[in-house]
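Structural features, examined
Residue strings, one per chain:
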Amino acid sequence: MSLAAYCVICCRRVGTSTSPPKSGTRWRDIRNIIKFTGSLILGGSLFLTYEVLALKKAVTLDTQVVEREKMKSYIYVHTVSLDKGENHGIAWQARKELHKAVRKVLATSAKILRNPFADPFSTVDIEDHECAVWLLLRKSKSDDKTTRLEAVQEMSEAHHWHDYQYRLIAQACDPKTLIGLARSKESDLRFFLLPPPLPSLKEDSSTEEELRQLLASLPQTELDECIQYFTSLALSESSQSLAAQKGGLWCFGGNGLPYAESFGEVPSATVEMFCLEAIVKHSEISTHCDKIEANGGLQLLQRLYRLHKDCPKVQRNIMRIIGNMALNEHLHSSIVRSGWVSIMAEAMKSDRIMEASHAARILANLDRETVQEKYQDGVYVLHPQYRTSQPIKADVLFIHGLMGAAFKTWRQQDSEQAVIEKPMEEEDRYTTCWPKTWLAKDCPALRIISVEYDTTLSNWRARCPMERKSIAFRSNELLRKLRAAGVGDRPVVWISHSMGGLLVKKMLLEASKKPEMSAVINNTRGIIFYSVPHHGSHLAEYSVNIRYLLFPSLEVKELSKDSPALKTLQDDFLEFAKDQNFQVLNFVETLPTYIGSMIKLHVVPVESADLGIGDLIPVDVNHLNICKPKKKDAFLYQRTLQFIRETLAKDLEN
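Source: prediction; values computed, not measured.

Here the focus is the sheet that holds strand β3 (residues 446-451). Consider a sheet: its strands pair through backbone hydrogen bonds, and that pairing is either parallel or antiparallel. Taken in spatial order, the seven strands of this open sheet run β1-β3-β2-β4-β5-β6-β9, and their pairing is mixed. The open sheet terminates on both sides in strands that have one partner only, identified here as β1 (379-383) and β9 (615-619). Put simply, the sheet's adjacent strands are angled 20° from each other on average, direction ignored. Taken together, the five bridges between strand β2 (residues 394-399) and strand β4 (residues 492-497) define a ladder with parallel strand orientation. In the sheet register, D395 faces β4, and the bridge partner there is V492.

Here's what the structure looks like:
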């Protein structure tokens, strides 16, 4: 404005001059006017340009704002600091200003380390100790698999972060990272958010009724006899239970639930258990898993899991269902969203080996980053259950026998030491599964797998009366499951007890006839037989003689000495094993076994346990304890360990 006023004064002075100006003076004034006018025009242009740019900035939406606010929302802030020594006075303010001052240095250092900030991160005011969190998050979402795995490992090893930083990772990480953290041994449980709230139950409904509705919604056609049996029985008995709860006279003419002595005492828990067993069978079919997920089964099963915290049987069946559903990769996102990864991450840290092993199976089936194998129902990895940098060089498989199980068969021999509670060293502590506790520590380069399948002594106790599974049928079923788990890709040692040894023999013979199973034969290095009745068992003879009392199952009948199938199996395998030059070790009991409270029987005599090749070692124990060492330095375990190490010596060295 002062410039414009000056120009006006100059023009007025030129116009009001009385004496005729000289020519030089006039041109000088004209030049001054042009100079000031140009300055005025230039200044005005700059002013207008500034105003336009300022206006544009004022009305333009910053696209980074959303990202900045989004990331700030992940920060978990305590209303009261957990650090009593923290001072929010002048020192704290000075530290904060110092962090801001060195922020550019930190960004430059990150670039030098080839971990640059992403564009959204570069505009966020974060402190130096928080940089690692965001950098790890970015690495975990890299296109390079190795980088992602390194990021997850670094996260799991972080034990010095503040509470909100763990929560930040929990909210910002993707499903792959979450599953990887769940399968990392040192991960802090604060990495996992609580499962989302469960939907409310319908009015006048119960978990039992909703479980029944879920079961009824599953396809009932094209099912095998056992699935039909479990489904129909669970639906009929649950209907009777619901009628009883509502005052109906359901019991007249009813069959009564086989597992319940009195339906009036615990009807809900019993019926829920029965429905769960039926759903376990359905979950083995992929299309039925889709129905379970679509009908809210993941949420309903989670409700049951919480309600039955003190009932391992219920929780075990629920985890079997989730593990079967996890075999279908298109359901992984639904399983993660429903909060099952957080629940299984906690279960993995359980002291109960059975619970931890079921959780390990679920997470392994979900982890497609580091696991190519799929673990079907009944196949459990005892070691390694977490992600590990230890290279796995061989497999050891445990196959139980009649009335056995994947975990209880291989426990330490029961003694007073297991009952008396007193401080003990780690080596002396009682173990409920010595392959996981002892063998995994002595041979960390092994993958240890235990297999489970249903067997019965009598048809009266059969879980499915229509189920008539021969050794040949079971061997094919187990062989298929084990091949899906990658058995045959590495050197293998088989360890079996009782009828489990017959299954191993049959599996190897069947594999030798199938080209797609040739890897199983080529990589089998050795077999340990714990009291396997190669030539028949006294148990079978005893059961047949009193068949009107016991009604021996098909498995028991096949163990009789005059069984043609058993003789053929022995002859064929003996010839086959000699050709393949398998290493074999046989143990046999020398003491009789109590079956029930009245029957005392020498189940497998020495002559029946003699395969015809390999060492035969008698041990002064009964049939049940032949595979249960008393302690770690007992001969039974040490000889087993020696055989494994010698048989796999070359493979473990490589």
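Tallied over the full model, the rule gives 19 salt bridges. Measuring nitrogen to oxygen at the nearest pair gives 3.8 Å for the salt bridge that ties E329 to K374. Here K374 lies in the loop between α19 (353-366) and β1 and E329 lies in the loop between α16 (312-325) and α17 (332-337), a separation of 45 residues in the sequence. Assessed through its relative accessible area of 28%, K374 is described here as partly exposed. With a closest N to O distance of 3.3 Å, R490 and D395 form a salt bridge. Of the two residues, R490 sits in the loop between α22 (471-484) and β4 while D395 sits in strand β2, which places them 95 residues apart along the sequence. A cluster of three or more residues bridged by salt bridges with shared partners is formed by D163, R167, D188 and R190.

Here we take up the side chain of T524. Relative to the elements of secondary structure, T524 occurs in strand β5 (residues 524-530). For T524, a relative accessible area of 6% puts it in the buried group. In this structure the side chain of T524 is engaged in a polar contact, spanning 3.3 Å, whose partner is the side chain of W494. Non-local contacts of T524, meaning those with residues more than four positions away in its chain, are made with V492, W494, L508 and F582.

What counts, and where the lines are drawn
Residues numbered from 1 in each chain as written. Predicted model: local features only at pLDDT ≥ 70, side-chain atom pairs only at ≥ 80, totals over all residues. Heavy atoms only, no water. Pairing = 2+ DSSP bridges. Helix = DSSP H or I, 4+ residues; strand = E, 2+ residues; numbered from the N terminus. Axes fitted to C-alpha atoms, helices over the stretch in contact; angles between N-to-C directions. Salt bridge = Lys/Arg side-chain N within 4 Å of Asp/Glu carboxyl O. Buried < 20%, exposed > 50% of the residue type's maximum accessible area, 1.4 Å probe, protein only. Polar contact = N/O pair within 3.5 Å; in protein donor to acceptor, adjacent residues only side chain to side chain. Contact = heavy atoms within 4.5 Å.

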